[in-house]
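The primary structure of each chain is shown beneath.
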Amino acid sequence: MKNKVVVIGSYNTDLTIRTKKIPRPGETIIGGFFSEGGGGKGANQAVAAVRAGANVSFIARVGNDVLGKEGIERLTQERIGTRYIFYDNEVPTGVAFIVVDERGENSIVVASGANARLSTADIETAHDEISSASVLLVQLESPIDAIRAAIKKSHAKNATVILNPAPAQQLELNLLQEIDIITPNKVEAEMITGIKVTDEDSLRLIVKKFFDYGIKNVLITLGAKGIFTGLPNTMELIPAFKVCSVDSTGAGDVFSGSLAAFLSEGMSIEKAVKMANASAAISVTRMGAQNSAPNRMEIENFLIAYKPSEAEVLNRVIVNL
Ligand code: ADP
């Protein structure tokens, strides 16, 4: 179905406390503001995709507990299809304990909980849903067997398969060959290919390595520097939009989620990258991860209102990597 994105991935409840400093081992400190919110790369990307305008279904596993029920409620309110979010009776919903200090440094512990039990049987149960997608979007916070099974199904249906390879891990070649678009950040690109990003030439080498793995389109996100795109006929650096950054947590999730949404409409990859670049730029001007994803109207208005500097217009931005 056109416009249909299936996201398979993690759901976590993020429990965040702001403190003056991060406690040392054995130390107890009194923190400040506490917040509870939805998180997990899969859920973050599903929210970004639905807000960008896609019809989104999210396949995941949560515990049969209060946090799991709240999570499904939260995603339903976003109008995300939650029929294939499975309840697990054995283990709790995934949680992330996040401590953020005054300087914005953080320290995070994740208990994957039910996310670690998403199975190939779950993927089989969701067969019809996965087969109806024009874009499949996956990350690496769920068991690789389940991800592999889903990729196989979408590939067989000629859907566009996007892998956001986070957190980075080595992947087998026959899996990579079925991926249409990979969206690593700088660290993930370095870890997967073993090539350090030092300059534009090193980015070209990384792209070539991904091409050798059999991936056709490579989009390396470079934070405030933008995106290095390796498409079948071109390699280029697309600069980031200049914005006042407040919190870049989850920028990569917003990029991949909104990219999936734009591609599901049949947009060219070049245009979808431009729109997703805008979407991610807006998200860094706001606090939070999942909640910072903009909606379609905000993305379009941003692109209309954006006034590039003279250097950007002349395409003479010098980017030091
Ligand atoms: P991740 O969150 O996975 O580490 P990045 O930090 O590379 O990902 O950010 C993803 C994308 O978000 C970038 O390619 C860019 O489009 C956008 N972005 C991130 N930081 C900024 C920033 N300071 N200003 C504008 N855009 C940004």
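Use the structure listed above.
A short tour of the structure in this document, coming up. In this text the structure is predicted, and so the values were computed from the model without any measurement.

Cis peptide bonds are those with omega within 30 degrees of zero, and the linkage from Ala166 to Pro167 qualifies with -10°. Positionally, Pro167 belongs in the loop between β9 (160–163) and α6 (173–176). Residues other than glycine seldom take positive phi values, yet Arg79 does so here, at roughly 70°. Take Arg79: it is sitting in the loop between α2 (66–77) and β5 (85–88). A residue is classified by how much of its surface remains accessible, and Arg79, at 73% relative accessible area, is exposed. Non-glycine residue Asn158 carries a positive phi angle of around 65°. Inspection of the secondary structure puts Asn158 in the loop between α5 (144–156) and β9. By relative accessible area, which is 72% here, Asn158 ends up exposed.

Once that is clear, we can look at the packing of helix α10 (residues 269–284) against helix α11 (residues 296–305). Running from amino to carboxyl end, α10 crosses α11 at an angle of 100°, the nearest separation of the two axes being 9 Å. Looking at the two axes, α10 sits roughly perpendicular to α11. Contacts from Lys274, Met275, Ala278, Ser279, Ala281 and Ile282 of α10 reach α11 at Arg296, Glu298, Ile299, Phe302 and Leu303. Per-class residue counts for the contact of α10 with α11 are seven nonpolar, one polar and three charged.

What follows concerns the environment of Lys69. Of note, Lys69 is situated in helix α2. Sequence separation of Lys69 and Tyr87 is 18 residues, and the distance between their C-alpha atoms is 8.9 Å.

Rules and cut-offs
Positions within a chain are numbered from 1, following the residues in the order the chain's sequence is written. Where totals are concerned, whole chains, interfaces and linings use all residues; where local detail is concerned, this predicted model gives features only for residues with pLDDT of at least 70, and gives and counts side-chain atom pairs only at 80 or more. Remark: hydrogens and water are excluded; side-chain values derive from all non-hydrogen atoms of the structure. Every helix listed is a DSSP run of H or I at least four residues long, and every strand listed is a run of E at least two residues long, numbered separately from the N terminus. Here's how the labels work: a residue is buried when its accessible area is under 20% of the maximum for its type, exposed when over 50%, partly exposed in between, all with a 1.4 Å probe on protein chains only. Between N-to-C directions, angles cover 0 to 180 degrees, with each direction set by a line fitted to C-alpha atoms, over the stretch in contact for helices. Note that the term roughly parallel is reserved for angles under 35 degrees, roughly antiparallel for angles over 145, roughly perpendicular for angles of 65 to 115, and oblique for everything else. Two residues form a contact once any of their heavy atoms are found within 4.5 Å. The residue classification treats Ala, Val, Leu, Ile, Met, Phe, Trp, Tyr, Cys and Pro as nonpolar and Asp, Glu, Lys and Arg as charged. All others, Gly included, are polar.

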